[in-house]
Amino acid sequence: MKKAMRKESGKKLVGRAVARALVWLLLPVLVFVVLYSDHMPRVLQLQATTLYPSFNSDLVGHAPPSPASSEQTLGEAVDAPPSPATSDQTPGAAVDAPPSPASRDETPGDVISANKSQGDIARRQDTDVAAPRSKSICDFSSERMDICAMQGDVRMHGKSATVYVVSASDESYRAENGTVKIHPYPRKSEEGTMQAIREVTIRWSGLDAPRCTVTHDVPAVVFSTGGFLNNFFHAMTDGLIPLFNTVREYDGRVQLVVTDYNHKWVDKFQDILAALSMYPVIDFDADDKVRCFPSVHVGTESHKEMGIIPSLSRKGYTMTDFRNFLRSVYSLKREWATPVNRTSGERPRLLMVLRRNSRAFANEAEAVAAATDIGFEVVLGAPEAMGDMARFAEVVNSCDVMVGVHGAGLTNLVFLPRNATLVQVVPWGDMSWGANAAFGAPSADMGLRYVQYEPTAEETTLKYIYPRDHAVFTDIASIHRQGYGMTWAIFLNGQNITLDIDRYRGVLQQIYHDSVMANPSFNSVPVVEAPPSPASTGETPGDILDANRDLQNEKGHLAMKAGLDGSSIKSDVAAPRSKSVCDFSSERMDICTMQGDVRMHGKSATVYVVSASDDSYRPENGTVKIHPYPRKSEEGTMQAIREVTIRWSGLDAPRCTVTHDVPAVVFSTGGFLNNFFHAMTDGLIPLFNTVREYDGRVQLVVTDYNHKWVDKFQDILTALSMYPVIDFDADDKVRCFPSVHVGTESHKEMGIIPALSRKGYTMTDFRNFLRSVYSLKREWATPVNRTAGDRPRLLMVLRRKSRAFANEAEAIAAATDIGFEVVLGAPEAMSDMARFAEVVNSCDVMVGVHGAGLTNLVFLPRNATLVQVVPWGDMSWGANAAFGAPSADMGLRYVQYEPTAEETTLKYIYPRDHAVFTDIASIHRQGYGMTWAIFLNGQNITLDIDRYRGVLQQIYHDSVMANPSFN
């Protein structure tokens, strides 16, 4: 028995020994398999599907560059009488430094977020073994900056200005020759500037990469502080704004690596850099260590001058976010500029930004005295005062108005409180375009009011240098044609400004009256004698205060007490004192918001504000009249819109017959709303911006009731309000609401300015809303799989009566030959809104001649391409305003195709020596009717098929095909 037990025990010992031997034998094999398999734990991988593939608009065959890649959103009625220009962002010019040729607000590729693992700088090590396969995404489509984001095993050697991407994965981007060179400064289109920026080489390497001497466990971002960054304007627009847009999402856990290390810049903005990164900045050029990071981002994300385009920002950042960040960094107290209390003797503060060497105020003392006499407390901002960044930021933030001649000092507008006013004095010499680009258009994105003061020839000191018959006064364009050096020497560096004090006083009086003092008069008028800023049209309206939404029932249902009269609810006794806020500053729309006991009688088109509180807005005569349609500056249009009267009443107000417990918004569906472009830009976009915050618990009230419009957009209206639309004109009930908003908030053509939106809405929000309404599947247009035989879809928006493609069949054949699946969008196909929205959303490219049909771009997926064919007749400005500039806000690529005289059918109607070809401006001077008859309603387009083919080939290659070549 014992012998048997010993025998069994021996078997067990032998078994265990054999098992141990097998484990030791197999362990190296298992380690090898794990290290070289896809089962290793990995850093979060970059999602290539969200990258904008490479697209260089300059390579588009024969298509002239879009003048407004400048993002001017100047109002242009599409297929209807025109809206006066409401300009938005234009490309910027360098301020107080050699110029930046217009860097257009292109739709640069979205570079994917590198690994955001949290942690401090880790220990030293020299191992290369366990690193994951690296992934890379590069984008060379932007005209401002090339960018590469690498993730995995990424190493960096500063002194050799080299980044090594080790063991790249097969599906990752990799340059054909294994090398990419990037100048990490956002002036890519300026060859001279970029030559002075140190080149960073990115190498896709194998085992030949240097071994790590320092390992970090946070991402790195490499950028340059060279170029023009000693100039404050460029320090912001080329440096800090793109840097914020790139690194803010990491919440400080990111390593900043600087090439062309500028000690002065780093010291000046140390507070900002410390808020963006918790680690000391690394001087790339002097660094001899081999640093290893989980991810490296070479280049910063720059969208436009002094601005961020939310739809292109990975995290949807806006300039409001950037300005809030600055307020936090410098502990600035004022977010808003609010009206002063006149009765307490308070004086609004006006900051005069002074210059000494050029573009100075020659009669500075008189200008100061004039502002003081009007009622301002004047603060002088001399150059020496700006040396202490934090202190001067406080000074600026304490002011309500900032005045200065165009120059880098105006960059301090970033510290102004929202709703403050910037007055930019533009130097003589047709400099308004660049001045507006640098500060005028960006002011809207920052929630600021803007006035552009353009001196006359009598106000420039150039009159003491040049005779009046000199080209400086008679042919300014000829000076500009001699190059920027001559422009700089004469118009920027060679003059001062002697303000016409009477004219200047008029400007300040209007600002004091309309923008600063409490209870401005209803009869506000445009700034006296100051030429209107092309970019202020409709873009810097006073922010309307929120109606009190706490008065809504918690459940938000419509409490309809039909037939209940005033006596039973004691409407004149227990109701709260009403408060009102009205804004008449916008050139697009007047708006009033009333809260408390507010009653409405549709048939008489009257809103009654009962028992107004003492501190509430109330016009002197007790009445305001508003046409609730956003074309305020178009007198003819507005005459056809029903006028709504708002009366501040007492006991004479009619008694309630129906009581609601949700807010009401009154707007018109008249005007041009049967036209799809205007249905969006004048109707749905402003309506969304006004009512979306109520989450359906709001009553829509329509004057000029357009049954066709209401039916067509029923799905959208139902998503905005859970209640049936009320026909204001036919309604004989006296309806009582806790608050009423007369007018909708319209900022610009086909767009929303986040800084002016009460809830910070963007066009991305509006497009996401439309995707939800129509259940559209595609948010992004992603590269097709060539090997699978997929074909990108191209939608041709067709017209029949005018501006049609005369050789439509050939255009379709060319697109098909290139590799597109062509979808035809004829007018009849667009009648079913929901169905056509699906068709548009399924496409990667949309092509059409300028017209309302292109409004369907709102349904395109992000990163899709819009090709707008502009009619002959110098129509590019309006075409870009309607669809080109807005495309950037929507995250779309844009190509503007401008036909030659050979491509218009007008050549069959008019001889070549006719003004239609030789003096187009003379046609426009005859009025919009003539422009409409000839250039919009009188021609079709016969595309040059070879040229058109070249455009589509470039789009197919750069925007659609997978894995585009680096070159």
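Rules used throughout
- Residues numbered from 1 in each chain as written.
- Predicted model: local features only at pLDDT ≥ 70, side-chain atom pairs only at ≥ 80, totals over all residues.
- Heavy atoms only, no water.
- UniProt positions renumbered as here; feature names shortened; annotations may be inferred.
- Helix = DSSP H or I, 4+ residues; strand = E, 2+ residues; numbered from the N terminus.
- Buried < 20%, exposed > 50% of the residue type's maximum accessible area, 1.4 Å probe, protein only.
- Contact = heavy atoms within 4.5 Å.
- Areas by Shrake-Rupley, 256 points an atom, 1.4 Å probe, with all protein chains shown as cover.
- Pairing = 2+ DSSP bridges.
- Axes fitted to C-alpha atoms, helices over the stretch in contact; angles between N-to-C directions.
- Disulfide = S-S within 2.5 Å.
- Phe/Tyr/Trp six-rings, centres within 6.5 Å; stacked < 30°, edge-to-face > 60°.
- Lys NZ or Arg CZ within 6 Å of the ring centre and 35° of its normal.
- Salt bridge = Lys/Arg side-chain N within 4 Å of Asp/Glu carboxyl O.
- Polar contact = N/O pair within 3.5 Å; in protein donor to acceptor, adjacent residues only side chain to side chain.
- Parallel < 35°, antiparallel > 145°, perpendicular 65-115°, else oblique.
- Nonpolar A, V, L, I, M, F, W, Y, C, P; charged D, E, K, R; others polar.

The protein appears in an unreviewed UniProt entry as Glycosyltransferase 61 catalytic domain-containing protein from Aegilops tauschii subsp. strangulata. Within the UniProt record for the protein, the comment given under Subcellular location (unreviewed entry) is "Golgi apparatus membrane". The heading Pathway (unreviewed entry) in the UniProt record of the protein holds the text "Glycan metabolism."

Trainee: How should I be thinking about the overall build of the protein in this particular structure?
Mentor: Helix and strand counts for the protein stand at 26 helices and 30 strands. Residue burial in the protein is summarised as follows: out of 967 residues, 60% are buried. In the protein, once contacts between residues fewer than 6 apart in sequence are set aside, the share between residues at least 24 apart is 79%. Put simply, the protein shows about 37000 Å² of open surface, and 52% of that area lies on carbon and sulfur atoms.

Trainee: I would appreciate a short explanation of the sheet that holds strand S11 (residues 349–353) in the present structure.
Mentor: Adjacent strands of a sheet form backbone hydrogen bonds with each other and so pair up, either parallel or antiparallel. Reading across the sheet, the five strands line up as S12-S11-S13-S14-S15 and stay open at both edges, with parallel pairing between neighbours. Every other strand in the sheet has two partners, leaving strand S12 (377–381) and strand S15 (449–453) as the edge strands with one partner each. Taking each pair of neighbouring strands and ignoring which way they run, the sheet shows an average axis angle of 20°. Each of S11 and S12 is contacted by helix H7 (residues 364–374), which is oriented at about 150° to S12, the strand it contacts most.

Trainee: Sorry if this is basic, but what is going on with the state of the cysteines here?
Mentor: By definition, a disulfide links the sulfur atoms of two cysteine residues through a covalent bond. Overall, the coordinates contain four disulfides when judged by the stated rule. Note on cysteine connectivity: Cys582 is disulfide-linked to Cys592, with sulfurs 1.9 Å apart. Its S-S torsion of approximately 115° makes the covalent link between Cys582 and Cys592 right-handed. Of the two residues, Cys582 sits in strand S16 (residues 579–583) while Cys592 sits in strand S17 (residues 591–601), which places them ten residues apart along the sequence.

Trainee: Sorry, what's going on with the packing of aromatic side chains here?
Mentor: The description of two aromatic rings rests on the distance between their centres and on the angle between their planes. Here the structure, examined in full by the defined rule, presents 26 aromatic pairs. When the centroid spacing of 5.3 Å and the interplanar angle of 70° are considered together, the rings of Phe244 and Phe322 count as edge-to-face. Of this pair, Phe244 sits in helix H3 (residues 232–247) while Phe322 is found in helix H6 (residues 319–329), placing the two residues 78 residues apart along the sequence. Grouping residues by exposure puts Phe244 and Phe322 together as buried. An angle of 45° between the planes, with centres 6.2 Å apart, marks the rings of Tyr928 and Trp932 as tilted. One end of the pair is Tyr928 and the other is Trp932, both in helix H25 (residues 928–936) and four residues apart, which spans about a single turn. Taking the relative accessible area as the measure of exposure, Tyr928 reaches 22% and is therefore partly exposed. Ring-pair connections join several aromatic residues into one group, and the members of that group are Phe223, Phe232, Trp265 and Phe269. Of note, Lys268 hangs over the ring of Phe232, and the distance from its end group to the ring centre comes to 5.0 Å.

Trainee: Just checking my understanding: could you explain unusual backbone geometry for this structure?
Mentor: Note: most peptide bonds trans; most residues except glycine with negative phi. Backbone geometry at Asp695 places phi at a positive 55°, although glycine is not the residue there. In the Ramachandran plot, Asn863 falls in the positive-phi region, its phi being about 80° despite a non-glycine side chain. With respect to the secondary-structure elements, Asn863 resides in the loop between strand S28 (845–849) and strand S29 (865–869). Residue Asn863 is classed as buried on the basis of its relative accessible area, which comes to 2%.

Trainee: Even after reading the chapter, I still don't get the sheet that holds S28, so can you show me in this structure?
Mentor: Taken in spatial order, the five strands of this open sheet run S27-S26-S28-S29-S30, and their pairing is parallel. With one partner strand each, in any of the chains shown, strand S27 (821–825) and strand S30 (893–897) form the two edges of the open sheet. Neighbouring strand axes in the sheet, compared pairwise and without regard to direction, differ in orientation by 20° on average. Summarising the sheet, strand S26 (residues 793–797) and S27 pair through five bridges and their orientation is parallel.

Trainee: Explain the pairing of strand S3 (residues 162–166) here, please?
Mentor: Each regular strand shows side chains that alternate between the opposite faces of the sheet. The buried fraction of S3 is high, at five of five residues. A two-sided burial pattern is seen for S3, the buried positions comprising Thr162, Tyr164 and Val166 on one face and Val163 and Val165 on the other. As paired strands, strand S2 (residues 147–157) and S3 are joined by four bridges and run antiparallel to one another. Counted as the bridge partner of His157 is Thr162 from S3. What sits between S2 and S3 in their antiparallel hairpin is a turn of four residues, with Ala161 showing a positive phi close to 50°. Pairing of S3 with strand S5 (residues 200–205) involves five bridges; the strand directions are parallel. Its bridge partner being in S5, Thr162 is matched across the sheet by Thr201.

Trainee: Help me understand the pattern of salt bridges, please; the structure alone is not making it clear to me.
Mentor: Where side chains of opposite charge bring their charged atoms close, a pairing between them can arise. Following the criterion strictly, the structure yields 39 salt bridges and no others. The shortest N-O distance in the salt bridge between Glu394 and Arg391 comes to 3.6 Å. Taken together, the positions of Glu394 and Arg391, both in helix H8 (residues 389–397) and three residues apart, correspond to about one turn of that helix. Assessed through its relative accessible area of 41%, Glu394 is described here as partly exposed. A salt bridge links Glu902 to Lys907, with the nearest nitrogen and oxygen atoms 3.3 Å apart. Residue class for Glu902 comes out partly exposed when judged on its relative accessible area of 46%. With relative accessibility at 25%, the residue Lys907 sits in the partly exposed group. The network of salt bridges with shared partners includes Arg144, Arg187, Glu190, Asp238 and Glu305.

Trainee: What is the right way to read helix H19 (residues 763–773) from this model?
Mentor: Because each turn of an α-helix spans 3.6 residues, side chains separated by three or four positions end up pointing in the same direction. All of the buried residues along H19 are Met763, Thr764, Phe766, Arg767, Phe769, Leu770 and Val773. The distance from a side-chain oxygen at the start of H19 to the backbone nitrogen of Thr764 is 3.2 Å, and the residue carrying that oxygen is Thr762. Just past H19, the residue Ser775 takes up positive phi, approximately 55°.

Trainee: Please clarify how the pairing of strand S18 (residues 606–610) should be interpreted in this entry.
Mentor: When you tally the buried positions in S18, you get five out of five residues, the bulk of the element. Both faces of S18 are covered, namely the face carrying Thr606, Tyr608 and Val610 and the face carrying Val607 and Val609. Across four bridges, S17 lies against S18 in antiparallel orientation. Paired with Arg599 across the two strands is Tyr608, which belongs to S18. Hairpin connection between S17 and S18: a loop of four residues separates the two successive antiparallel strands, and Ala605 in this loop has a positive phi of roughly 55°. As judged from the five bridges shared by S18 and strand S20 (residues 644–649), these two strands associate in the parallel manner. Residue pairing for S20: Thr606 is matched across the bridge by Thr645.

Trainee: Could you clarify how one ought to interpret the packing of H3 against H6 in this entry?
Mentor: Packed helix pairs are characterised by how far apart their axes lie and by the angle those axes make with each other. In the contact formed by H3 and H6, the axes pass within 10 Å of each other and the chain directions differ by 95°. Here H3 lies roughly perpendicular to H6, going by the angle between them. Counting all contacts with H3, which are made through Met236, Leu240, Ile241 and Phe244, the residues of H6 involved are Met319, Asp321, Phe322, Phe325 and Leu326. Taken together, the residues that form the contact of H3 with H6 break down as eight nonpolar, no polar and one charged.

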